[in-house]
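Below, each chain spelled out in residue letters.
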There are 4 protein chains.
Amino acid sequence: MSWNTFGRALRMTTWGESHGPALGAVVDGCPPGLALDEQAIQPFLDARRPGQSKFTTQRQEADAVRILSGVFEGKTTGTPISLMIENTDQRSKDYSEIADRYRPGHADYAYDAKYGFRDYRGGGRSSARETAARVAAGAVARLIVPETTIHAYVVQVGEDRIERAAIDLATIGDNPFFCPDPQAARRWEGLVDAARKEGSSLGAVVECVATGVPAGWGAPVYAKLDADLAGAMMGINAVKGVEIGDGFAAAALRGEDNADPMRPAAPGRADDGPQFTANHAGGIAGGISTGQPVVCRVAFKPTSSILTPVDSITRSGEATQVRTRGRHDPCVGIRGAPVVAAMMALVLADHKLLHRAQCG
Amino acid sequence: MSWNTFGRALRMTTWGESHGPALGAVVDGCPPGLALDEQAIQPFLDARRPGQSKFTTQRQEADAVRILSGVFEGKTTGTPISLMIENTDQRSKDYSEIADRYRPGHADYAYDAKYGFRDYRGGGRSSARETAARVAAGAVARLIVPETTIHAYVVQVGEDRIERAAIDLATIGDNPFFCPDPQAARRWEGLVDAARKEGSSLGAVVECVATGVPAGWGAPVYAKLDADLAGAMMGINAVKGVEIGDGFAAAALRGEDNADPMRPAAPGRADDGPQFTANHAGGIAGGISTGQPVVCRVAFKPTSSILTPVDSITRSGEATQVRTRGRHDPCVGIRGAPVVAAMMALVLADHKLLHRAQCG
Amino acid sequence: MSWNTFGRALRMTTWGESHGPALGAVVDGCPPGLALDEQAIQPFLDARRPGQSKFTTQRQEADAVRILSGVFEGKTTGTPISLMIENTDQRSKDYSEIADRYRPGHADYAYDAKYGFRDYRGGGRSSARETAARVAAGAVARLIVPETTIHAYVVQVGEDRIERAAIDLATIGDNPFFCPDPQAARRWEGLVDAARKEGSSLGAVVECVATGVPAGWGAPVYAKLDADLAGAMMGINAVKGVEIGDGFAAAALRGEDNADPMRPAAPGRADDGPQFTANHAGGIAGGISTGQPVVCRVAFKPTSSILTPVDSITRSGEATQVRTRGRHDPCVGIRGAPVVAAMMALVLADHKLLHRAQCG
Amino acid sequence: MSWNTFGRALRMTTWGESHGPALGAVVDGCPPGLALDEQAIQPFLDARRPGQSKFTTQRQEADAVRILSGVFEGKTTGTPISLMIENTDQRSKDYSEIADRYRPGHADYAYDAKYGFRDYRGGGRSSARETAARVAAGAVARLIVPETTIHAYVVQVGEDRIERAAIDLATIGDNPFFCPDPQAARRWEGLVDAARKEGSSLGAVVECVATGVPAGWGAPVYAKLDADLAGAMMGINAVKGVEIGDGFAAAALRGEDNADPMRPAAPGRADDGPQFTANHAGGIAGGISTGQPVVCRVAFKPTSSILTPVDSITRSGEATQVRTRGRHDPCVGIRGAPVVAAMMALVLADHKLLHRAQCG
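If you're wondering where the values come from, they're calculated on a predicted model, not measured in any experiment. (Residues numbered from 1 in each chain as written. Chains lettered and ligands numbered in written order. Predicted model: local features only at pLDDT ≥ 70, side-chain atom pairs only at ≥ 80, totals over all residues. Heavy atoms only, no water.)

This paragraph deals with the relation of the copies chain A and chain C. It takes a turn of 180° to lay chain A on chain C, together with a shift of 0.0 Å along the axis; the resulting RMSD is 0.0 Å. What we have between these two chains is a two-fold relation. When each C-alpha of chain A is compared by its distance to the rotation axis, A:Ala357 comes out closest, at 2.1 Å. An overlap of 100% is found between the interface residues of chain A and their copies at the interface of chain C, pointing to a shared contact surface. (Least-squares fit on C-alpha atoms with pLDDT ≥ 70 in both. Contact = heavy atoms within 4.5 Å.)

This part is about helix α5 (residues 225–234) of chain C. The periodicity of an α-helix, 3.6 residues per turn, causes residues three or four places apart in sequence to face the same way. With 10 of 10 residues buried, α5(C) lies mostly within the body of the structure. When we look at burial in α5(C), the residues that qualify are C:Leu225, C:Asp226, C:Ala227, C:Asp228, C:Leu229, C:Ala230, C:Gly231, C:Ala232, C:Met233 and C:Met234. (Buried < 20%, exposed > 50% of the residue type's maximum accessible area, 1.4 Å probe, protein only. Helix = DSSP H or I, 4+ residues; strand = E, 2+ residues; numbered from the N terminus.)

Turning next to the sheet that holds strand β7 (residues 81–86) of chain D. Neighbouring strands of a sheet are bound in pairs by backbone hydrogen bonds; such pairs are parallel or else antiparallel. Residues and elements named next belong to chain D. Strand order in the open sheet formed by 5 strands is β1-β2-β3-β7-β4, with antiparallel pairing between adjacent strands. Taken across any chain shown, the strands that pair with only one partner, and hence form the sheet edges, are β1 (5–6) and β4 (65–67). Where β1 and strand β2 (residues 11–16) come together, 2 bridges link them in antiparallel fashion. If you follow Phe-6 over to β2, its bridge partner there is Met-12. Strands β4 and β7 of the sheet are contacted by helix α1 (residues 38–48), whose axis makes an angle of about 155° with β4. Contacts from helix α3 (residues 131–144) reach β2, β3 (22–28), β4 and β7 within the one sheet, and its direction differs from that of β3 by about 30°. (Pairing = 2+ DSSP bridges. Axes fitted to C-alpha atoms, helices over the stretch in contact; angles between N-to-C directions.)

The next point concerns the interface of chain C and chain D. In this assembly, 105 residues from chain C lie in contact with 105 residues from chain D. Together, the buried faces of chain C and chain D total about 7900 Å²; carbon and sulfur atoms form 62% of this surface. Of all residues in chain C, C:Tyr222, C:Lys240 and C:Phe248 bury the most surface against chain D, accounting for 11% of the area lost on that side. Taken together, the connections running from chain C to chain D amount to 4 salt bridges. C:Asp311 is the partner of D:Arg263 in a salt bridge, and the nearest nitrogen-oxygen pair spans 3.5 Å. (Buried area = accessible area lost by both parts, 1.4 Å probe. Salt bridge = Lys/Arg side-chain N within 4 Å of Asp/Glu carboxyl O.)

The next point concerns the interface of chain A and chain C. Taken together, the 11 residues of chain A in the interface contact 11 residues of chain C. The junction of chain A with chain C conceals about 820 Å² of combined surface from both sides, 50% of it contributed by carbon and sulfur atoms. At the junction of chain A with chain C, the criterion picks out 0 salt bridges. Along the contact surface separating chain A from chain C lie 9 residue pairs in polar contact (both at pLDDT 80 or more). Considered class by class, the residues forming the side of chain A that touches chain C number 6 nonpolar, 4 polar and 1 charged. (Polar contact = N/O pair within 3.5 Å; in protein donor to acceptor, adjacent residues only side chain to side chain. Nonpolar A, V, L, I, M, F, W, Y, C, P; charged D, E, K, R; others polar.)

Glancing now at the pattern of salt bridges. All names here are of chain A. Counted by the stated rule, this structure contains 88 salt bridges over all chains. The residue Asp-193 makes a salt bridge to Lys-197 at a minimum N-O spacing of 3.1 Å. Note that Asp-193 and Lys-197 are positioned in helix α4 (residues 182–198) at a spacing of 4 residues, about one turn of the helix. With a relative accessible area of 10%, Asp-193 lands in the buried category. In this structure Lys-197 comes out as exposed when scored by relative accessible area, which is 61%. What you see here is one network of salt bridges that share partners, running through Arg-164, Glu-207, Glu-243 and Arg-297.

With that out of the way, let us pick up the pairing of strand β16 (residues 294–300) of chain C. Residue and element names in this part refer to chain C. Here β16 lies mainly inside the structure; 7 of its 7 residues are buried. Taking every second residue as pointing to the same face, both faces of β16 are buried, with Val-294, Cys-296, Val-298 and Phe-300 on one and Val-295, Arg-297 and Ala-299 on the other. Across 7 bridges, the pairing between strand β10 (residues 204–211) and β16 is antiparallel. Residue Val-209 lies in a different strand from β16, and its bridge partner there is Val-295. The pairing of strand β11 (residues 239–244) with β16 spans 5 bridges and is antiparallel. Across the sheet, Val-242 pairs through a bridge with Val-298, a residue of β16.

The predicted model of chain A has a mean per-residue pLDDT of 93, with 97% of residues at 70 or higher. Across the interfaces of the predicted complex, the ipTM metric reaches 0.97, alongside a pTM of 0.97. (pLDDT = per-residue confidence, 0-100.)

Turning our attention to the relation of the copies chain C and chain D. When chain C is brought onto chain D, the operation consists of a screw motion whose angular component is 180° and whose axial shift is 0.0 Å, with 0.0 Å RMSD remaining. An overlap of 100% is found between the interface residues of chain C and their copies at the interface of chain D, pointing to a shared contact surface.

For the rest of this paragraph, the subject is the packing of α5(C) against helix α7 (residues 332–359) of chain C. All names here are of chain C. Taken N-terminus to C-terminus, the directions of α5 and α7 make an angle of 145°; their axes are 10 Å apart at the nearest point. Considering how the two elements wind past one another, α5 and α7 form a crossing that is right-handed. Residues Leu-225, Asp-228, Leu-229, Ala-232 and Met-233 of α5 lie in contact with α7, whose contacting residues are Val-340, Met-343, Met-344, Val-347, Leu-348 and His-351. The residue makeup of the contact of α5 with α7, split by class, is 9 nonpolar, 1 polar and 1 charged. (Left-handed = near helix turned anticlockwise from the far one by under 90°.)

For the coordinates displayed, the defined rule picks out 30 aromatic pairs over all chains. Relative to C:Tyr115, the ring of C:Tyr111 lies with its centre 5.6 Å away and its plane at 55°, an arrangement referred to as tilted. With C:Tyr111 and C:Tyr115 both in helix α2 (residues 108–115) and 4 residues apart, the pair spans about one turn of that helix. Exposure remark for C:Tyr111: the relative accessible area of 6% places this residue in the buried category. Taking the relative accessible area as the measure of exposure, C:Tyr115 reaches 6% and is therefore buried. Each member of the aromatic cluster is reached from another via a ring pair, and the members are A:Tyr102, A:Tyr109 and B:Phe276. For B:Arg8, the ring lying beneath its charged end belongs to A:Trp3, and the centroid distance is 4.8 Å. (Phe/Tyr/Trp six-rings, centres within 6.5 Å; stacked < 30°, edge-to-face > 60°. Lys NZ or Arg CZ within 6 Å of the ring centre and 35° of its normal.)

Moving on, we get to the UniProt feature "binding site: FMN" (unreviewed entry) in chain A. As recorded in UniProt, the feature "binding site: FMN" (unreviewed entry) lies at A:Arg125, A:Ser126, A:Ser127, A:Asn237, A:Ala238, A:Gly286, A:Lys301, A:Pro302, A:Thr303, A:Ser304, A:Ser305 and A:Arg327. Classification of A:Arg125 by relative accessible area gives buried; the value is 3%. In contact with A:Arg125, other than residues within four places in its own chain, are A:Asn4, A:Thr14, A:Trp15, A:Gly16, A:Glu17, A:Tyr111, A:Glu130, B:Val221, D:Thr79 and D:Pro80. Position of A:Ser304 relative to the elements: it lies in the loop between β16 (294–300) and β17 (310–313). Each residue touching A:Ser304, except ones within four places of it in the same chain, is listed here: A:Pro104, A:Gly105 and A:His106. For A:Ser304, the side chain forms a polar contact with the main-chain oxygen of A:Gly105, separated by 3.1 Å. (UniProt positions renumbered as here; feature names shortened; annotations may be inferred.)

A separate point is the UniProt feature "binding site: NADP(+)" (unreviewed entry) in chain A. Residues and elements named next belong to chain A. Feature annotation in UniProt assigns "binding site: NADP(+)" (unreviewed entry) to the following positions: Arg-48 and Lys-54. Inspection of the secondary structure puts Arg-48 in helix α1 (residues 38–48). By relative accessible area, which is 3% here, Arg-48 ends up buried. When neighbours within four sequence positions are excluded, Arg-48 is seen to be in contact with Asp-63, Ala-128, Arg-129, Thr-131, Ala-132, Val-135, Arg-335, Pro-338 and Val-339. Using a relative accessible area of 44% as the deciding quantity, one classes Lys-54 as partly exposed. Sequence-distant contacts of Lys-54, defined by excluding residues within four places in its chain, comprise Asp-193 and Arg-196.

Moving on: the pairing of strand β7 (residues 81–86) of chain A. Residues and elements named next belong to chain A. Counting buried residues in β7 gives 5 out of 6 residues, a clear majority hidden from the surface. In the sheet, strand β3 (residues 22–28) pairs with β7 via 6 bridges, with the strands oriented antiparallel. Bridging from a neighbouring strand, Leu-23 pairs with Ile-85 of β7. Two strands pair when backbone bridges link them, and strand β4 (residues 65–67) and β7 are joined in this way by 3 bridges, in the antiparallel orientation. The residue of β7 that forms the bridge with Arg-66 is Met-84.

Written out as C-alpha cells, the structure is:
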C-alpha cells in the first residue's frame, strides 16, 4: 500500500512525482490563529533548493510555494492547509536511456516489484524531490512550536567527521554544506567537488538538535517521541541509520558512564525544571522528553546515481549495466539537513498537540 | 497522549504495568484460519523470560500466556486475539525507597512530568516487562509470514563486538546471550558476570535478519518498510539507535562501494527474482523490500539501574542520590533480542497485509 | 479486515466472543488523575445486564468488571486501562442444532462468507454480548466529560411510540424498559411479554440526549461530531437507522420551520453562550456542537432470533429451516439504551480531547 | 481538531474553501494499473455541478478537474492521486453583509466557537462546495469496484415522497432532480420553483443502492460496513439522518416480518451465493455485506439560507436578524445525490481493500 500521511494530531499528506506538473502537501490539524503566508515558508524551501552551488544537483527549480487553503486574512483557520509547488525544470529526456532498466541502489526495481510499473522520470514518487513538500509542511509545523529552536547540520561527509568542540551553530548558514565548523566546510569543498568531477558520490551524517522542548512530550509505548523521530528520519530518502543521544556509542558504555545525573532547578528558575549534568539520552527517557535538548543523528548513504557502470538488469530480466547521467547531488546528505529539521519540527508539533489532548 | 496500538493492517494494542495483576496484547486484523494455540506462543515468551540464568534479572515469572479470544477450534477466526500474561512475582517492596525520587536514566521523571504521577513499582508502564506482550503478539505475527525466517542475535556486548565471519546462526540458542559466535559467548560470560557483581551494567547491539521477504513490501512514503522498522525498534525500551543494512557505515562509503549490483535470476529460478551481489541496502530500497534479506541493527544502552549512586532529585525537587537495588538485567540488550525479532515479525506481517490490500 | 478499535484521541479496543472465557476493552488515551475503580463502572454494566426481568434474555451473567491496568492508587495514570469481564453462563449446547446452518437475519452467513468459518456459539464475535465491553469503556469515558449529562431511553417499542410531552427523564430507571413515560412502560409490559410468549420479537427506537456539551466539539469535515455519532450508533448490533435532531422529519420541513433562531446570552450568563429558541439541528451544525443539547435517535430492528421457522440454508448450501431456541431478548432495543449512552459518552470524550489538541 | 482524511485502506484527504483559489482531494492507496484520466472523473463532477438549471444555485463553476499526480501514461501508479478544481466564480461580495453575524442553521457560530474566526465568504470550509472534492475522489473509487453498480436518486422532496413501485432507475438522468419517477419529477419542478421564488427551501431524502457487492465486505466491530456508511453519509453537508435497509421502519416490525429468508443458490449459479427472498437488512448483516444490494437512505434538511429574516446575533453578541441573499440551492438534497453516490463508492472501495488485506 502507499501511505502518504505522516503524523497523528498534526497530519501531513504529500503528493507528487519528480517529473509531474507539481507536488504538494496538505497539513491538517494545525491550530487556528497562527500568522502564515508564503513568506513564512519560502526561506525553508530556499535552503533546501537545488542548483544553488556546484555542490548540489544543477536542476533549477524556483520551488515557489503557494498556499491554496487554510489561511484567511493572514492567519491559519484550523482547516487543512494546502501547499503546492510547481515543477518547472523537468528535463525528462535525461532519463530516457534508463527507462527500461533498473538503476542499482535506487528504488526502481522495488517499485516495479510492488506496483508493476516503471516511472523512469527521475524516480517518480521515490525521488528526493518529494522532500520539498516536507520542508514546506515543516515550516508550518515550526509555527506550532515557537518555544523550540531547531538546528540541523552536517557533521560528517564521507569519512571526514567534524570535532564536537569545533561546532559553532552560528556558522551553519555561512557555507553550502550546513556545516557548523568553518574549517571543515573548507575541507568539504574539495572533497565534494572531487567526488562530483569523478562521477562518484559521498555519504553524510546530519545531526539535529531541538532546544526548548518542555518535559512531557511523547506518547508511549508505540508513539514514543524517539520512536516517531526514528520513523520520521529513516523515511527520508537515502537514510540508513538513526541515533538518539549517544546512539550506538551508548552500547559500548557502562551504566555509570551513561547516567544523566539530575540536580535541583537553578535558584529562582524552578520553571526550567531540574538541571541535568549530562545528556547521553538525547533529551528523551521512556519515549518522553525530559526538558533537555532533543538530539538525533541521521546517516545518509552516498547518492546511488554515479557515473561508474554498475551491473543491473532490464525490466525483462536481462543483464545490463547502468551509469546515471542525470543531474544529481554528489552528496545527497547535505540537502538532507533541511529535511531532517523539517521532520523534527513535524514530530515535535505533533507531539505537542498529542500531549495537550490527553494532559490538557 | 498515550498511544498503545502498533501497526496499520495488523494492529497490536498492549496494556499492563510491571507490577499490576497482568499484562496483555490484543492482536487485530489477523487473517482467519491460521492454526494457533498457547503452545505456538509460549516458546517465544520462554526465550525472553527472566530468571533463567545469572546473566538476567532474578525476577521469576512463568510468563504463561492465555488466549482469551479470537481462536475457535484451534484456528484464528479473524476477530481480535486477546493474549494475557499474569504477573506472579511482583516484589513491590524492592522499590519502596525510590518511591519519592527519580531514578536517573529511567523514565521516572519524564512520566511524572507528563502525567503528574509516580508509579514507583518498577517503572509501571515504562518497564521493559511490557515487551512480554510484544513477544506474544509477535508469535502470532510470525504465523502470518510463514515464508520468512527471522533471526535476532546479539553482536556486541559492551565494547566486545563479534566478527562477521564468526557468525553461525545455528548456535544462537546454545548460550544465554543469543550470541551467534560460541567463542564470544564464552567471553561474554565473564564480561556480564563481572558487571553484575560490580553493580554495573553494559550496553549491547542486536542484529536482526529476515530472509524470505519477497520484493514489494513497504508503504512509501510515510510507512516505508525501513521507517516502520526504525520506529518499531527505537520504541523498544533502552534502544538508542537503529540501522538498516550498512547503516552509519554507509555514510563513510563512496557510491561505487555502496552499490548493490543486480544480475538476472539464476537459470530455472525466475521466481526467485534477480540476484544481488551485495546487500549494503539491507534488503530495502525506496522503503520497499527488494527480495534480499532484510537486515537491521539495534543499539541498547546499558541498564540504568546500577548500584553506583547517581545524583538525582526528589519529587519535591530536592537533591538526593539514587542507587537501584531491585532485580535487574546487567545487560538489558540481551533479552532485547527476542523483542527485536518480535517487532520485525509484526512489521513484516503488517506490511504483507498492507501490500495485499493495495496490490492484490 | 476486522477493526476493533473505536475513537481517535480516546481509543477503545474491544475483544471477546459470546461464548469464550471472557471479553474486554482496552481504553487508551484517558487523561491521568481521574478517580476510577470497579465501582465506578459496575452500575453501568448492571443497567445493561441480562437476566434481570422476564423482558430480557434469561442468560445469567454477573458481568463483574475487573480493572487490570491503567489505575494506580485509585486514579487513572494516563496509560491504557484494561477492563475484563468473564463469561460465566455459556450454555453452548443451546446452539448445537444451528451449528451447521445460518440463522436468517443474523451475521452467521456474512461472517462465514468473510472469514470462512462458523462460530455457532451464540454468534461469536457478532453477538451483542460484545456491547458489555462498550458499556464498561463508556463508563470511563463519562469521567472525561463530567460537564455533560447523558440520558438514553426508549421512545418506541414496536409500533407504540411515546408522546414527546410525556417524557419525564426522572422515571427512566423506574421500569425495565428505560422508558421515560410511566404509562407507556405499563403498556410495554404487555407488549413485550406477548412477543416473548409468542416466540416473536419487537423493534425499538432509543433516543439519547447529552446536555452540557460546550460549543466547539467536532472535527470537520470527516470526523464531524454527528458523523462520528452516526458511525458509533449504526455500529451497535441490530441498529438500522440514526437521526440527529429532527432527522428524517427535517426532510419534510421548509427552511423557515427548520431554523434554530439565536438570541443573545441571558443577562449575566454570557458564559452560557447564545440562547437558541429551537433545536431542530440536535445541537450540531457543520459537524460541530453548538452548545445546545446533542440529540440523536437510533432504530433497532426486532431480534432476529424467533421461534417461527424461517427458510435458510446449511453451510453446504442445502435448503433448511431455522427456528432459534436460545435465550434471547424479545426486544433487543431495550438493552440497547445503555449501549447508546456509552457510545455517546465515548464520542463526546474523544471529541473533547480532539478539540483540546488543536484549539488548546 | 480538523480531520480531513476519510477512509482506512483507501484514504481521501480533501482541502479548500468555498471562496479560496481552489479545492482538491488527495486519494491514497489506490491500486496501480487502473486506467484514469480527467475524462473519467469529469462526468461525475458535471452531474453535481451547480448552475445547470433554475433549481440549483446560480453560481457558475466549470468544476474542471486536473490530475496533478499518481497517474503515468494513463494509468494509476499506486502513489497518491492529487485532484484539483479551481474556483472561478467566487463573488465574495455577496457575503459582506453577513460578515459580522451568524447565519442561523449554518455552521457560522459553531466554527467561530471552535476556531475563533469567521470566514464569512460563503461558509469557508463548511460550504457544500467541498463536496466537489468528494465527487472527484468518488470517481476514482468507482474504478476500484468495477463489480458494483451504484445508483443514488432522490425519493422525497419536501413532503412529496415517490412510490416504491414507481421507481425506474433508467430515468434518473432525464430530469434535474435525480428523480427515478418521471411523474414525480414533474411535480417537483413546481414544488422547487415555488420554494425558490418564495425565498424558502425544501428538504429531501436520497436513496442509494449498490448492486454487485459480494458477500464479505465490512470490518467488525468498529468499521462495520453499515457504520462506515452511516458516518460517511451523516458527514455530508445538511444530512440529518441515515438508514440502512428498512431503517426506522424496521423498528415497528415484528421479527417474522423483518426476516430475510435464504434459499440455495439458483441451479448452475453457485457462484452467485444463496438467494434471499427479502432484503429488509439492506444487504448488510453484522456489519458485513451479504451479497444482496446494499441500500441506504439519507435525509437532507432544507437549505438554511432563506430570505425570511431569522433571529440571530452578531459576533459581539448583540441581537440581529439574518436573511441570506447569496446564490443557494432551494433544495440542497438534490445535488446531494451525486455526493451520496460518491461516498458509497469510497466506502465500498475502502472495504474491498480492507477485506483483501485480511482475507486475501
